[in-house]
Each structure stands twice: as C-alpha cells, then as structure tokens.
Amino acid sequence: MAAIKDILEPSLEMLGISPFKAKKGEPYMDRRMRDHFTQILTQLRRQIMEEAERTVHHMQDDIINYADPNDRASQEEEFRLELRARDRERRLLKKIEESLQLLIDQEYGYCEVCGVEIGLRRLEARPTATLCIDCKTLDEIREKQGG
C-alpha cells in the first residue's frame, strides 16, 4: 500500500528529480522553471501508467478460483483496493494532463482564483495545484462549513 500512497502523493525524491534552485532575479515561471515542472509532471504520469500496467498483469496472473470463501473474499478485497487506487490515479492523471496544458499555455503556477503566484515549493509538493495556499485554505474552510 506504500507504493500507492507514493504515487498519489509524490515527492521529488521518489521521482528522481532535484528541487529547483532559482537564480537570483530569475523571473517566476520562466523557461527553466516550466521545463522543471514539465519534467516532474511527465515523470509522475509515466509512473502512474507503469503502475496501471502492473495492476492489469497482477489481476490477470493472480486470479485464482479459491474453494474457500474466506480466501476468495480476501482476494476480491485486495483487487477492490487496488482498483480503487487506480481510480484515484486516473483522476490524478487527468489533473496532470491539465497541468501540462497549462504549462504549454504558460498559465501554470498561477492561482486560478486570484491570479497570484502559487510558489515553487508548493508546486513541487503538489505539481497539480491550481490554487495558492490562501485560496486553498478558504476553499477548505467553505467546504467544512458547507457540509
């Protein structure tokens, strides 16, 4: 289950990418920064696709008709959890594609609500973020109050 969490909450270390080191006076989201985030998003997409492929092979290879209902139930639960994780990854994959398009459009890294810079470290921690920390906090407060 740790591998599933890693893909859904990636770290630069897990992706094999070094943190971005901005040069003094370097403009926000210049070519070098966009290349850095393109690399992060592309690597994350590749890992998700590899994990999906492993799941397909695992479910094809490991399907066994257990005679014992408990063993069968355990196998079905394992498959259910794996498919649930793949569904979450599918949604993440959609966000990755949207983020890659924002990079192409040169709109990546800016809050979709207020337009301020999201920030390099936040984007490295959550490459598909579309809200600055202030707007995200307000969004979460509204969500808690609404239900």
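Our subject is the structure that appears above.
Residues numbered from 1 in each chain as written. Predicted model: local features only at pLDDT ≥ 70, side-chain atom pairs only at ≥ 80, totals over all residues. Heavy atoms only, no water.

**Q** How would you explain helix 4 (residues 69-104) if you had to name every residue and give the values?
**A** An ideal rise of 1.5 Å per residue puts 52 Å on 36 residues; helix 4 measures up with 52 Å between its terminal C-alpha atoms. Where helix 4 is concerned, the buried positions are Q75, F79, E82, A85, R86, E89, L92, L93, I96, S99, L100 and L103. Two residues or fewer after helix 4 comes Q106, characterised by a positive phi angle close to 60 degrees. (Helix = DSSP H or I, 4+ residues; strand = E, 2+ residues; numbered from the N terminus. Expected span 1.5 Å × (residues − 1). Buried < 20%, exposed > 50% of the residue type's maximum accessible area, 1.4 Å probe, protein only.)

**Q** If you had to explain the pattern of salt bridges to someone new, which residues and values would you point to?
**A** What the rule picks out here adds up to 13 salt bridges. In this structure, E51 and R86 form a salt bridge, with 3.9 Å as the shortest nitrogen-oxygen distance. Highlighted residues: E51 in helix 3 (residues 31-61) and R86 in helix 4, separated in sequence by 35 residues. A residue is classified by how much of its surface remains accessible, and E51, at 12% relative accessible area, is buried. Overall, the relative accessible area of 11% leaves R86 in the buried class. The residue E124 makes a salt bridge to R121 at a minimum N-O spacing of 2.5 Å. Highlighted residues: E124 and R121, both in helix 5 (residues 120-125), separated by 3 residues, approximately one helical turn. Judged by relative accessible area, which is 7%, E124 ranks as buried. For R121, a relative accessible area of 47% puts it in the partly exposed group. Several salt bridges converge on common partners, so that one network encompasses E51, R54, E82, R86 and E89. (Salt bridge = Lys/Arg side-chain N within 4 Å of Asp/Glu carboxyl O.)

**Q** Break down the nonpolar core for me, with residues and values.
**A** Ranked by size, the top nonpolar core spans 26 residues in total, and within it Y28, M29, F37, I96, Y108, L120 and L123 carry the most contacts. Elements represented by at least two residues in this core include exactly helix 2 (12-15), helix 3, helix 4 and helix 5. In terms of residue count, helix 3 provides more of this core than any other element does, 6 residues in total. Discounting chain neighbours no more than four positions away, the residues touching L123 are Y28, M29, F37, Y108, G109, I118 and A129. (Core = buried A, V, L, I, M, F, W, Y, C linked by side-chain atoms within 4.5 Å. Contact = heavy atoms within 4.5 Å.)

**Q** Talk me through the layout of surface pockets; I want residue IDs and the actual numbers.
**A** In this structure, the largest pocket spans a volume of roughly 560 Å³. L92, K95, R126, T128 and K136 are the residues nearest the centre of the largest pocket, which is lined by 20 residues in total. At the level of elements, helix 4 and helix 6 (133-146) are the ones that each hand at least two residues to the lining of the largest pocket. Of all the elements, helix 4 adds the most residues to the lining of the largest pocket, at 7 residues. (1 Å grid on protein atoms, 1.4 Å probe; cavity = no way out; pocket = protein on both sides within 12 Å on 5 of 7 lines; lining within 4 Å. Points joined across faces, edges and corners; volume = space filled by probe spheres on them.)

**Q** Provide a residue-level description of the environment of E117, including the pertinent values.
**A** Relative to the assigned elements, E117 resides in the loop between helix 4 and helix 5. For E117, a relative accessible area of 46% gives the class partly exposed.

Function cannot be read off these values alone, since they describe shape.
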